[in-house]
There are 4 protein chains.
Amino acid sequence: MTDGPTTRIACSDADSVTIRGENLVDDLIGKKTFTEMVYFLTRGRHPSPTETAILDACLVTLMEHGFTPAALVTRITADSVPDQVQVAMAAGLLTVGSVFVGTMEGCAAILARGIEAPDAEAFCAGIARDYLSAKRPLPGFGHPFHKPDDPRTPRLFAVAEAAGAEGRYIRLLKMLSAAVDREAGRHLTINATGAIAALLLEIDFPADVMRAVAVISRCGGLAGHIIEERETRSARTIWALTEANIPYDGPPLSRE
Amino acid sequence: MTDGPTTRIACSDADSVTIRGENLVDDLIGKKTFTEMVYFLTRGRHPSPTETAILDACLVTLMEHGFTPAALVTRITADSVPDQVQVAMAAGLLTVGSVFVGTMEGCAAILARGIEAPDAEAFCAGIARDYLSAKRPLPGFGHPFHKPDDPRTPRLFAVAEAAGAEGRYIRLLKMLSAAVDREAGRHLTINATGAIAALLLEIDFPADVMRAVAVISRCGGLAGHIIEERETRSARTIWALTEANIPYDGPPLSRE
Amino acid sequence: MTDGPTTRIACSDADSVTIRGENLVDDLIGKKTFTEMVYFLTRGRHPSPTETAILDACLVTLMEHGFTPAALVTRITADSVPDQVQVAMAAGLLTVGSVFVGTMEGCAAILARGIEAPDAEAFCAGIARDYLSAKRPLPGFGHPFHKPDDPRTPRLFAVAEAAGAEGRYIRLLKMLSAAVDREAGRHLTINATGAIAALLLEIDFPADVMRAVAVISRCGGLAGHIIEERETRSARTIWALTEANIPYDGPPLSRE
Amino acid sequence: MTDGPTTRIACSDADSVTIRGENLVDDLIGKKTFTEMVYFLTRGRHPSPTETAILDACLVTLMEHGFTPAALVTRITADSVPDQVQVAMAAGLLTVGSVFVGTMEGCAAILARGIEAPDAEAFCAGIARDYLSAKRPLPGFGHPFHKPDDPRTPRLFAVAEAAGAEGRYIRLLKMLSAAVDREAGRHLTINATGAIAALLLEIDFPADVMRAVAVISRCGGLAGHIIEERETRSARTIWALTEANIPYDGPPLSRE
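Note on numbering: residues in each chain are counted from 1, in written sequence order. The lettering of chains begins at A and the numbering of ligands begins at 1, in the order of writing. Local features in this predicted model are restricted to residues whose pLDDT is 70 or higher, and side-chain atom pairs enter the listing and the counts only when it is 80 or higher, whereas totals over whole chains, interfaces and linings include all residues. Note that water and hydrogens are dropped before the side-chain values are worked out from all heavy atoms of the structure.

Under an unreviewed UniProt entry, the name given to chain A is citrate synthase (unknown stereospecificity), and the organism recorded is Hephaestia caeni. UniProt positions are given in the numbering used here, feature names are shortened, and annotations may be inferred rather than shown by experiment. Quoted verbatim from the Pathway (unreviewed entry) field of UniProt, the annotation for chain A is "Carbohydrate metabolism; tricarboxylic acid cycle; isocitrate from oxaloacetate: step 1/2." According to UniProt, the comment filed for chain A under the heading Sequence similarities (unreviewed entry) is "Belongs to the citrate synthase family."

**Q** Please explain the overall build of chain A as it appears in this structure.
**A** A helix here means a DSSP run of H or I that spans at least four residues, while a strand means a run of E at least two residues long, and both kinds are numbered starting from the N terminus. Each helix and strand counted, chain A has 12 helices and 3 strands in total. Seen through its C-alpha atoms, chain A measures out along the principal axes to roughly 70 × 65 × 40 Å. Each residue is placed in one exposure class: buried if its accessible area under a 1.4 Å probe, protein chains only, is under 20% of its type's maximum, exposed if it is over 50%, and partly exposed if it falls in between. Across the 256 residues that make up chain A, the buried fraction comes to 62%. Accessible areas in this description were obtained via Shrake-Rupley with a 1.4 Å probe; residue shielding takes into account the shown protein chains only. Carbon and sulfur atoms make up 51% of the accessible area of chain A, which totals about 9,100 Å². Taken together, the 25 basic and 32 acidic charged side chains of chain A have centroids lying 5 Å from each other. Lys and Arg are tallied as positive, Asp and Glu as negative. Neither His nor the chain termini are counted. Charged groups are reduced to one reference atom each: NZ for lysine, CZ for arginine, CG for aspartic acid, CD for glutamic acid.

**Q** Teacher, can you tell me more about the pairing of strand β1 (residues 10-13) of chain B here?
**A** Each regular strand carries side chains that alternate between the two faces of the sheet. Residue and element names in this part refer to chain B. One ladder, built from 4 bridges, connects β1 with strand β2 (residues 16-19); its direction is antiparallel. Counterpart to S12 in the pairing with β2 is V17. Hairpin connection between β1 and β2: a loop of 2 residues separates the two successive antiparallel strands. A pair of strands counts as paired when DSSP detects no fewer than two bridges linking them.

**Q** Whenever I open this one, the domain arrangement of chain A confuses me. Can you help?
**A** Frequently, the measure chosen for interface size is the accessible area removed from exposure when the parts meet. Residues and elements named next belong to chain A. The split into domains, and so the bounds of each, comes from an automatic or database assignment of domains. When the domains of chain A are assigned, the result is domain 1 (9-47) and domain 2 (48-244). Placing the centre of domain 1 and that of domain 2 at their C-alpha centroids yields a distance of 27 Å. Should any heavy atoms of two residues lie within 4.5 Å, those residues are counted as being in contact. Taken together, the contacts link 10 residues of domain 1 with 12 residues of domain 2. One speaks of a salt bridge when a side-chain nitrogen belonging to Lys or Arg is within 4 Å of a carboxyl oxygen belonging to Asp or Glu. Residue R45 is joined to E51 by a salt bridge in which the shortest nitrogen-to-oxygen separation is 2.8 Å.

**Q** Can you help me understand the relation of the copies chain B and chain C in this one?
**A** Taken together, a rotation about one axis and a shift along it account for how the two chain copies relate. Overlaid copies result from least-squares superposition on C-alpha atoms, with residues included only where pLDDT is at least 70 in both. Mapping chain B onto chain C calls for a screw motion: a turn of 180 degrees about the axis and a shift of 0.0 Å along it, with 0.0 Å RMSD after fitting. Both copies are brought into coincidence by an operation consistent with a two-fold rotation axis. Judged by C-alpha distance, V87 of chain B is the residue of chain B that lies nearest the rotation axis, at 3.7 Å.

**Q** Quick question: what am I supposed to make of the packing of helix α5 (residues 85-93) of chain D against helix α11 (residues 211-232) of chain D here?
**A** All names here are of chain D. For the pair α5 and α11, interaxial distance at closest approach is 9 Å and the crossing angle is 130 degrees. It follows from the interaxial angle that α5 and α11 lie oblique. With respect to the hand of their crossing, α5 and α11 are arranged in right-handed fashion. Counted together, V85, A88, M89, G92 and L93 of α5 and V215, R218, C219, L222, A223, I226 and R230 of α11 form the full contact between these two elements. Classification used: nonpolar for Ala, Val, Leu, Ile, Met, Phe, Trp, Tyr, Cys and Pro, charged for Asp, Glu, Lys and Arg, polar for all others including Gly. Here the residues of the contact of α5 with α11 sort into 9 nonpolar, 1 polar and 2 charged. Every axis corresponds to a line fitted to the C-alpha atoms, with the helix fit spanning only the stretch in contact, and the corresponding angles, defined between N-to-C directions, vary from 0 to 180 degrees. Convention used here: angles under 35 degrees read as roughly parallel, angles over 145 as roughly antiparallel, angles from 65 to 115 as roughly perpendicular, and any remaining angle as oblique. Take the far helix as the reference: if the near one is turned anticlockwise from it by less than a right angle, the crossing is left-handed, and if turned clockwise, right-handed.

**Q** Explain the sheet that holds strand β1 (residues 10-13) of chain A here, please?
**A** Taking strand neighbours across the sheet as the criterion, the 3 strands line up as β1-β2-β3 (chain A) in an open arrangement whose pairing is antiparallel. Of all the strands in the sheet, the pair left with one neighbour each is β1 and β3 (22-23) of chain A.

**Q** So what exactly am I meant to see when it comes to the interface of chain B and chain A here?
**A** Chain B puts 82 residues into the contact, and the matching count from chain A is 82 residues. Interface area, chain B with chain A, both sides summed: about 6,400 Å², of which 72% is carbon and sulfur. Where chain B meets chain A, there are 2 salt bridges. D208 of chain B is the partner of R230 of chain A in a salt bridge, and the nearest nitrogen-oxygen pair spans 3.0 Å. Think of a polar contact as two N or O atoms within 3.5 Å of one another; within protein, one of them needs to be a possible hydrogen donor and the other a possible acceptor, and neighboring residues in sequence only count if both atoms come from side chains. For the interface between chain B and chain A, the tally reads 22 residue pairs in polar contact (both at pLDDT 80 or more). Counting residues per element, the side of chain B that touches chain A draws most heavily on helix α11 (residues 211-232) of chain B, which supplies 16 residues. Of the residues that constitute the side of chain B that touches chain A, the class distribution is 40 nonpolar, 23 polar and 19 charged. Accessible surface is computed with a 1.4 Å probe, and the buried area is the amount of it that two parts give up when combined, taken over both parts together.

**Q** How should I be thinking about the packing of aromatic side chains in this particular structure?
**A** Given two aromatic rings, their pairing is described by the distance between the two centres and the angle made by the two planes. Only the six-membered ring of Trp is used, alongside the rings of Phe and Tyr, when aromatic pairs are assigned; centres must lie within 6.5 Å, and planes under 30 degrees apart are stacked while those over 60 apart are edge-to-face, with the rest tilted. Tallied over the full model, the rule gives 10 aromatic pairs over all chains. Put simply, the rings of F100 and F145 of chain A together with W239 of chain C pair up and form one aromatic cluster.

**Q** Even after reading the chapter, I still don't get the interface of chain B and chain C, so can you show me in this structure?
**A** The partner chain C presents 32 residues to the 32 residues of chain B that form the contact. Summing both sides of the interface, chain B and chain C together bury roughly 2,700 Å²; the carbon and sulfur share of this comes to 56%. The tally of links between chain B and chain C comes to 0 salt bridges. The interface formed by chain B and chain C holds 10 residue pairs in polar contact (both at pLDDT 80 or more) in total. Among the residues forming the side of chain B that touches chain C, the class breakdown is 14 nonpolar, 11 polar and 7 charged.

**Q** Would you mind going over helix α5 (residues 85-93) of chain A with me for this structure?
**A** Since one α-helical turn is 3.6 residues long, residues separated by three or four positions face the same way. Most of α5 of chain A sits out of view: 9 of its 9 residues are buried. Taken together, the buried positions of α5 of chain A are V85, Q86, V87, A88, M89, A90, A91, G92 and L93 of chain A. Of the surrounding elements, those touching the buried residues of α5 of chain A are α4 (69-80) and α11 (211-232) of chain A, α5 (85-93), α6 (103-114) and α11 of chain B together with α5 of chain D.

**Q** Looking at this model, I keep getting lost on the relation of the copies chain B and chain A. Mind explaining?
**A** Once chain B is rotated about the relating axis by 180 degrees and shifted along it by 0.0 Å, it coincides with chain A to within an RMSD of 0.0 Å. Both copies present the same face, since 100% of the interface residues in chain B are matched by interface residues at the equivalent positions in chain A.

**Q** Help me understand the pattern of salt bridges in this model?
**A** For side chains bearing opposite charge, pairing can occur when the charged atoms are close. Per the stated rule, a full pass over the model turns up 40 salt bridges over all chains. Of the charged contacts in the structure, one is a salt bridge between D150 of chain B and R152 of chain B, with a shortest N-O distance of 2.9 Å. A relative accessible area of 0% means that D150 of chain B is categorised as buried. Notably, a salt bridge pairs E105 of chain C with R211 of chain C, separated by 3.7 Å at the nearest N-O pair. Placement of the pair is E105 of chain C in helix α6 (residues 103-114) and R211 of chain C in helix α11 (residues 211-232), with a sequence separation of 106 residues. E105 of chain C gets classed as buried once you look at its relative accessible area, which sits at 15%.

**Q** Just checking my understanding: could you explain the environment of M89 of chain A for this structure?
**A** Position of M89 of chain A among the secondary structure elements: in helix α5. Accessibility expressed as a relative area gives 0% for M89 of chain A, which makes it buried. On a C-alpha basis, the gap between M89 of chain A and R168 of chain A in space is 36 Å, while along the polypeptide they are 79 residues apart. In this structure M89 of chain A touches T74, C219, L222, A223 and I226 of chain A together with A212, V215 and I216 of chain B, once residues within four positions along its chain are discounted.

**Q** Honestly, the nonpolar core in this entry has me stumped. Any pointers?
**A** Proteins that are soluble and globular tend to have nonpolar side chains buried together. Residues grouped as a nonpolar core are buried Ala, Val, Leu, Ile, Met, Phe, Trp, Tyr and Cys residues, joined through side-chain atoms within 4.5 Å. By size, the foremost hydrophobic cluster in this structure holds 358 residues, and its most contacted members are L200 of chain A, L200 of chain B, L200 of chain C together with L200 of chain D. The residues contacting L200 of chain A, other than those within four sequence positions of it, are L55, C58, M104, F205, M210 and V213 of chain A.

Spelled out as structure tokens, the structure:
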């Protein structure tokens, strides 16, 4: 297998587990936090305190937002498959897709292009014009509930600044926001997934798997919903509400 | 809806998100780590430093073990559905079931009963006798690779002690281990999921959703596999190895 | 690999696909129905017309029952991941578990034991007594909506009889039903999954993967929900109904 | 709820289940095949014999192809979660995505545009030129194993013709194939998913949920893999082959 694939992640033998060159038992357990390990496993190097603080802020932001689609799916599945916690959690995580969280990846892709552009102002004006004239939703902007401003966004920027982020992706996103407001003639909020896209780029997190941060974050929130579901059985109420409020209006029974 | 279910987890309005009585923006983002939030969301109260240290050690322990079933499934799915990171991660998490990680819940259930037993020594002797005489695998004991001892177990106990754990579940597990060795006439290791069961009981984590800790932990590890998979395409090698080594020996084609 | 596993299911080369000894192109496409193929692939032999008719009846019975948990989960997931039909379908199928359909497997296990019992009447009386005295739900009996009788059950029995089933599992289930009614002092319906357990045993379908028939059946029904969801956006209504009717009553915000 | 969503699929009361205006018990069980029901539930009307024959041929074609990614994932998951058949099946179905089967939807989209084009020849030439000059894979064309021709394709066309299909989508696909060969200067096969796209358009199956046919089909094949897996434990072999052939070449342990 001289030319075949290899792995740089982990190996183990009877008395040790090696993870990216470190001994799980001696170097990692009890010495690293989960957040530090997420960075280590995805980037292949240990994060700086700045990077850890920013990743923690991003992970904390997306954990919980009440009855999200992920929470609904997890609760209904937990009611149907009560003994397999991982099934309810995985089912919920399947919803962390392009509609509600994936805008993170779209926004990151725009910022990653913009940072290379010779004229950032012109780049931002062009993006704003292209999306708004085509009436396409611009990834990272707008929010159905949090209007006029998503309260998480300025907090995330402040945390990144306080933690020592260099800040060039955040500045670019703010520049884009100003261009969007000018083009639209009104204010559109930078939403939390837009802000997180900028923060994760600040800490060198790869744009094309950025959604993984949302998955890990949301995964941490779903356990609480399963625990509560066992007490409240909300899935049965959701089911009953659906049947009561979304009536059948198909063809009537032709006989019997 | 006077008698209907309610939720104690979260609510939001246009300019705030409330999570278990705290303001996400003011109280949590930038102030809490992901691990502290996992505890807060599942237990409804903030963890002590002892509890955070123990939960972090448990989460770090199960994140990564190379080509586990979860990693295999995630890599094959990522190869088939490359643009939806959450699908590959959720698929892998479905494997975190009763065979490889769920022994955590079985071991926790035994320890939770034992801590209430009037005579702990007699309880442990009885459990050891019942399982070994019936040749049933005892949850939390034994490991296919890590023999004679799982190296993670003593480290987890040491971390818990250093962090200030009270220690009664750990002592009970050690007592059970001694009873098992006496009954078996040889040494069986306490494995990492057994040790984690004891540690999580120390920090008051509910036994019946304990598997959620493994799911969150493993979720944090799978992102790294997806990133590597994009470079190495190991899924194609796994597929080819399977076809080359597991031949068809069904009925031959009867014609043509 | 002399001692390693093999497969008896399929192999292929550049110009043919062999499935259990038959040529997919020449022998199966255009000559067999999907239902016949399900039997062929699981049992390794082609079904008789009796077996096909019974399997079709079982598959048709469980396809659709309106807003089931599977349909709810599929619709919510389709709304979140609109471009990946398989993700919404798979998410829904995860709910086909022990609560709503798995009773099929439990009932089949009882019938499989009973058919071997020296005294079927005594066996049935014993099962009825054991479950009812312990107040345990008896797999295959009772239904939350379809009272006093599940209308699908007599129809399934009639279809099996008309198709030429031997009938011994059906007779055993009816004997068990009589014993249950005597023990309970009132009538409990044999539900559709109980009847299907008997029918699938009649056609020699393995008891321990019987739930697969429910999964295939329900899979066939979910496509229609995805199509309708794209027009009606019921997921958004379900979400709004949940938020409006399951209020937050956790701790109030202490500051802000 | 005057303006809210409704459903045209199903409703039920204590003694009946209505499905698109028909009585499940009286009109469907024992009278319709599973394949006929798939059409009925997705299209809202009963299929003609032509439509049933074509849908059956499409469903049979994609059920089984040996160790596909779906089969690998289902087997590994079944080994990890042995008691929940639906979990292993759903995990496998998640892989039925854009890489291996979704080309069906891409090909159908092209054919649906082409059928409306004023000049079909010019349309086909344009498509062939656009894709080949951009070196983009053309959905429905090419196959890694089945070269020079996918043997399923002519069979599917023949079945459709024999069943009485009108044939305009099939003719268009053949016209596109000729244009592709001219543009490429060599022969590229129409693969099975391309042929199925044409056949499903012939029977008026909606292009944007066409992948659902592949999901249902593959679902029917996975049960057989789970049954075989319980005997052969191929997952353990796949795991061992992976570890033996994809070695760790990350950083060496620096200490211990």
